[in-house]
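# Topology and contacts: notes
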Amino acid sequence: IIKRSGILEYVDPGEHEVGGLEKLTNWLRTRKEAFTSEAEDYGLEYPRGILLLGFPGCGKSLTAVHTAKTWNYPLLRFDIGRAFGSLVGESERNMRQALKIAEAISPCILWIDEIEKGLSGIESSGQTDGGTSARVLGTFLTWMQEKTAPVFVLATSNNIDRMPPELTRKGRFDEIFFVDLPNKESRMEIFQIHLGNKPNESVDNLSSFDMDFLSEISSGFTGAEIKQAVIEGMHVAFSEGRKLSQEDVTKALESTYPMYMTMRGAIENMRLRKGKMYKSAEEGDS
């Protein structure tokens, strides 16, 4: 049914760990049993969903996959851009069909990645597409407000300023979390994850790596950049017929130009609203 729709995609969560993001993972852990019959007897309402806001590579999409794995619910990725069709009324019909399928499969997690891109152009919808984008958004907002099926919406966004204000108002999502650049403790966890899951042929044991040093020199790096540095170091070590060393990872980090160097202004602007418009996803300062 999912494949035939052409709009939704079933995602196999596999084995994924998330480094850091303690506040976010604790929030999700607290609501893990909220879809059970016991919770219904208790009088508990189903969680509506959350919006994860932050920079590319900081773990938003990974959190969606990790949540599906820990909750043990189906994960459906919804690309809103696929819902738009060329015929009059087709886009709205596709949106309603996708939401009906999610409800039929519930309890499930509906993952909408980079939601602001799928809904871009709302402001000028009347002049550019005959109001189609606005009607699609309206259909989605009405469903979010009135849905009774246990469908947990997990949306991610790289830029909240490009999102329609109707979508971010209180009540649409249970909470909005800001996923900042990982702090030192979180970077240490990320290194332990990406170095600890390697086979003995490439890494003997974690004791040969100074995690404190690596997390110190990777200040300002995203989780994705740390992962890529480990992969780059492994390529060098493999080509030379030896195991991965700390020097390999260090050189890879030193040759990386981190994202925060080019996005410093945007990062600082989003941090100004942390604690006011949205909650921080992890403990401590970034």
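Residues numbered from 1 in each chain as written. Predicted model: local features only at pLDDT ≥ 70, side-chain atom pairs only at ≥ 80, totals over all residues. Heavy atoms only, no water.

## What about the environment of Ala 224?
Along the chain, the position of Ala 224 falls in helix H12 (residues 223-239). Once the C-alpha coordinates of Ala 224 and Gly 59 are considered, the two residues, 165 residues apart in sequence, prove to be 7.8 Å apart. (Helix = DSSP H or I, 4+ residues; strand = E, 2+ residues; numbered from the N terminus.)

## Digging into the packing of helix H5 (residues 90-105) against helix H8 (residues 132-146)
Interhelical geometry of H5 versus H8 gives an angle of 20 degrees and a closest axis separation of 9 Å. One element, H5, and the other, H8, form an angle in the roughly parallel class. Handedness of the crossing formed by H5 with H8: right-handed. Contacts between H5 and H8 involve Ser 91, Glu 92, Met 95, Arg 96, Leu 99 and Glu 103 on the former and, on the latter, Thr 132, Arg 135, Val 136, Thr 139, Phe 140 and Trp 143. Of the residues that constitute the contact of H5 with H8, the class distribution is five nonpolar, three polar and four charged. (Axes fitted to C-alpha atoms, helices over the stretch in contact; angles between N-to-C directions. Parallel < 35°, antiparallel > 145°, perpendicular 65-115°, else oblique. Left-handed = near helix turned anticlockwise from the far one by under 90°. Contact = heavy atoms within 4.5 Å. Nonpolar A, V, L, I, M, F, W, Y, C, P; charged D, E, K, R; others polar.)

## Quick look at the pattern of salt bridges
Inspection of the entire model under this criterion finds ten salt bridges. Residue Glu 9 is joined to Arg 77 by a salt bridge in which the shortest nitrogen-to-oxygen separation is 3.3 Å. Of this pair, Glu 9 sits in strand E1 (residues 8-11) while Arg 77 sits in strand E3 (residues 75-78); the two residues are 68 residues apart in sequence, bridging distant segments of the chain. A relative accessible area of 31% places Glu 9 in the partly exposed class. With a shortest N-O distance of 2.7 Å, Arg 242 and Asp 248 are connected by a salt bridge. For Asp 248, a relative accessible area of 7% corresponds to the buried category. (Salt bridge = Lys/Arg side-chain N within 4 Å of Asp/Glu carboxyl O. Buried < 20%, exposed > 50% of the residue type's maximum accessible area, 1.4 Å probe, protein only.)

## Let's talk about the packing of aromatic side chains
Counted by the stated rule, this structure contains ten aromatic pairs. Relative to Tyr 73, the ring of Phe 35 has its centre 5.7 Å away and its plane inclined at 75 degrees; by these criteria the two rings are edge-to-face. Of this pair, Phe 35 sits in the loop between helix H2 (22-30) and helix H3 (37-42) while Tyr 73 sits in the loop between helix H4 (60-71) and E3; the two residues are 38 residues apart in sequence, bridging distant segments of the chain. One exposure class covers both Phe 35 and Tyr 73, and it is buried. Aromatic pair Phe 55 and Phe 178: ring centres 5.8 Å apart, planes at 80 degrees, arrangement edge-to-face. Residue Phe 55 is located in the loop between strand E2 (49-54) and H4, and its partner Phe 178 is located in strand E6 (residues 175-179); the two are separated by 123 residues in the primary sequence. You'll find Phe 55 and Phe 178 in the same group, each marked buried. (Phe/Tyr/Trp six-rings, centres within 6.5 Å; stacked < 30°, edge-to-face > 60°.)

## A closer look at the pairing of strand E5 (residues 151-157)
Consecutive side chains along a regular strand alternate between the two faces of the sheet. For E5, the buried fraction is high: seven of the seven residues fall into the buried class. Relative to E5, E2 is paired through five bridges, and the arrangement is parallel. Note on E5: the bridge partner recorded for Leu 53 is Ser 157. Here strand E4 (residues 108-112) runs beside E5; their pairing, made up of five bridges, is parallel. Across the sheet, the residue bridging to Ile 109 is Phe 152, located in E5. (Pairing = 2+ DSSP bridges.)

## A few points about the packing of H12 against helix H13 (residues 246-254)
Viewed as axis vectors pointing N to C, H12 and H13 meet at an angle of 125 degrees, and their least axial separation amounts to 8 Å. Looking at the two axes, H12 sits oblique to H13. Crossing handedness for the pair H12 and H13: right-handed. Counted together, Ala 229, Glu 232, Gly 233, Val 236 and Ala 237 of H12 and Asp 248, Ala 252 and Leu 253 of H13 form the full contact between these two elements.

## Some points on the sheet that holds E3
Ordered by their spatial adjacency, seven strands build an open sheet running E1-E3-E4-E5-E2-E6-E7, and the pairing between neighbours is mixed. Looking at which strands have only one partner, the edges of the open sheet turn out to be E1 and strand E7 (279-280). Relative to E3, E1 is paired through four bridges, and the arrangement is antiparallel. Across the sheet, residue Glu 9 finds its bridge partner in E3, namely Arg 77.

## Quick word on a negative patch on the surface
Residues Glu 33, Glu 38, Glu 40 and Asp 41 make up a contiguous surface patch of negative charge. Relative to the helices and strands, Asp 41 resides in helix H3. Given the relative accessible area of 70%, Asp 41 is considered exposed. (Patch = residues over 30% accessible without salt bridge, like charges linked within 9 Å, V, L, I, M, F, W, Y side chains within 5 Å. Areas by Shrake-Rupley, 256 points an atom, 1.4 Å probe, with all protein chains shown as cover. Lys, Arg positive; Asp, Glu negative; His and termini not counted. Charge placed at Lys NZ, Arg CZ, Asp CG, Glu CD.)

## Concerning H5
With 16 residues, H5 extends 23 Å from end C-alpha to end C-alpha; this agrees with the ideal 22 Å at 1.5 Å per step. Residues of H5 that are buried: Ser 91, Glu 92, Asn 94, Met 95, Ala 98, Leu 99, Ile 101 and Ala 102. Tucked into the core, H5 has its buried residues touching helix H1 (2-5), E1, E3, E4, H8 and E5. (Expected span 1.5 Å × (residues − 1).)

## Here we look at the nonpolar core
Ranked by size, the top nonpolar core spans 63 residues in total, and within it Ile 50, Phe 78, Leu 110, Ile 115, Phe 140, Phe 152 and Leu 167 carry the most contacts. Here this core takes six residues from H8, the largest share from any one element. Those residues in contact with Phe 140 that sit more than four places away from it in its chain are Met 95, Leu 99, Ile 112, Ile 115, Val 153 and Leu 167. Of all hydrophobic cores here, the second largest spans 15 residues; its members include Phe 191, Phe 209, Phe 221 and Ile 226. (Core = buried A, V, L, I, M, F, W, Y, C linked by side-chain atoms within 4.5 Å.)

Any functional reading would require information that these geometric values do not contain.
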